[in-house]
Amino acid sequence: MKKNDIKPFDLWKETMQRMGRDGLLLCTVGSDGKPNAMNVAWLTGGLIWGRPIITVLVRTDRHSFNNIEQTNQFTVNVLTSEFADALLYLGTASGASEDKFAKSKLTPVPAQVVEPPLIAEAVVHYECRVLHKNDVIAENLTPDINGFGANHRVYFGEIVAASAAPDAAKRLE
Ligand SMILES: Cc1cc2nc3c(=O)[nH]c(=O)nc-3n(C[C@H](O)[C@H](O)[C@H](O)COP(=O)(O)O)c2cc1C
């Protein structure tokens, strides 16, 4: 289905609802040109430096981590609950050892601005380029977190394009 350009946070409430249920898909590509998708739920959005930013935390042992390090770009894709099984698979298998796009039967398609692909079956897409990154520092975490998530890198991605299916809000209800 054809997608229309939207403003970065037009469908943010719907995006957060899907993130809280089955997760979202982060797409990356390595310098070998192979695309990968992984489930993400440690993600926030807002204005920083006067720009629309998606902040995502990626553990440093993920295949997706290696890819982002190579391109400094990623896309975030919102799928309906119909794809819950694929979301779970993409959140448990690693692109380091298998072609996750082939196995999930989801379709990578070119993005408008960035190198990593979008997922054709998604109803909302965000295209991001990394403006800043840093690591979660174990000793700076409040004690009640117990060091959980210390081995993640935080990427601040400017949303350089966003698009959605015309009926996205309805399909994400
Ligand atoms: C619902 C859900 C949310 C997840 N959120 C994140 C996340 O925000 N950051 C992260 O590093 N891993 C997260 N994961 C784990 C990765 O998706 C998982 O380890 C995946 O297999 C990594 O794939 P890759 O090695 O192909 O990059 C999540 C998994 C699930 C199922």
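Everything that follows concerns the structure shown earlier in this document.
Residues numbered from 1 in each chain as written. Predicted model: local features only at pLDDT ≥ 70, side-chain atom pairs only at ≥ 80, totals over all residues.

## Here we look at the pairing of strand β9 (residues 124-135)
Heads up, the rule is: Here, strands pair whenever DSSP counts at least two bridges between them. Each helix is a run of DSSP H or I of at least 4 residues and each strand a run of E of at least 2, with the numbering of both proceeding from the N terminus.
Relative to β9, strand β6 (residues 73-78) runs antiparallel, the two being bridged by 6 bridges. Across the sheet, the residue bridging to Q73 is R129, located in β9. Bridge analysis of β9 against strand β10 (residues 152-164) gives 11 bridges, and the strand direction is antiparallel. Its bridge partner being in β10, H132 is matched across the sheet by F156.

## Overview of the nonpolar core
Our working rule: When buried Ala, Val, Leu, Ile, Met, Phe, Trp, Tyr and Cys residues are joined through C-beta atoms within 7 Å, the set is termed a nonpolar core. Here a residue counts as buried when 20 or more other C-beta atoms sit within 10 Å of its C-beta, as exposed when there are 12 or fewer, and as partly exposed otherwise, the C-beta atoms being derived from the backbone. It is the C-beta atoms, placed from the backbone, that decide contacts: two residues are in contact if theirs lie within 7 Å.
Counting 39 residues, the largest nonpolar core has L25, L26, A37, I54, A122 and V123 as its most contacted members. For this core, the secondary-structure elements that each account for two or more residues are β2 (24-29), β3 (35-40), β5 (51-59), β6, α3 (84-90), β8 (118-119), β9 and β10. Among residues more than four places away in sequence, those in contact with A37 are L25, L26, C27, L90, K100, F101, L106 and I119.

## What to know about the site of the ligand
Stated formally: Nearness rests on one distance test: the residue's C-beta atom, set from the backbone, must lie within 6 Å of the molecule or strand. Each residue is assigned to one class: nonpolar for Ala, Val, Leu, Ile, Met, Phe, Trp, Tyr, Cys and Pro, charged for Asp, Glu, Lys and Arg, and polar for all the others, Gly among them.
By nearness alone, 21 residues border the ligand, and W42, S64, G91, S94 and G95 come closest of all. Those elements giving two or more residues to the shell around the ligand turn out to be β3, β5 and α2 (63-71). For the shell around the ligand, the per-class residue count stands at 9 nonpolar, 9 polar and 3 charged.

## Quick notes on the environment of G157
In this fold, G157 is placed in strand β10. Sequence-wise, G157 and E127 are 30 residues apart; in three dimensions their C-alpha atoms are separated by 8.5 Å. In this structure, G157 is in contact with I53, I54, V56, F74, C128, R129 and V130, ignoring residues within four places of it in sequence.

## Description of the environment of V130
Following the sequence through the fold, V130 ends up in strand β9. A count of 16 C-beta atoms within 10 Å places V130 in the partly exposed class. Each C-alpha atom of the pair V130 and T55 lies 9.2 Å from the other, and the pair is 75 residues apart in sequence. Setting aside residues up to four positions removed in sequence, V130 forms contacts with I68, N72, Q73, Y155, F156 and G157.

## Points about α2
Definition in use: To obtain the arc, one takes the directions from the helix axis to the C-beta atoms.
For α2, the set of buried residues is S64, N67 and I68. Here the buried residues of α2 occupy an arc of 95 degrees about the axis, which is enough to place them on one side. Turning to α2, the residues buried within the fold contact β2, β3, β5, β6, β9 and β10. One or two residues past the end of α2 sits N72, with phi positive at roughly 60 degrees.

## Quick notes on the pairing of β3
In terms of burial, β3 is largely enclosed, as 5 of its 6 residues are buried. Relative to β3, β2 runs antiparallel, the two being bridged by 6 bridges. In the sheet register, L24 faces β3, and the bridge partner there is V40. Two successive antiparallel strands, β2 and β3, enclose a turn made up of 5 residues, where G33 displays a positive phi of approximately 85 degrees.

Taken by themselves, the reported measurements are silent on function.
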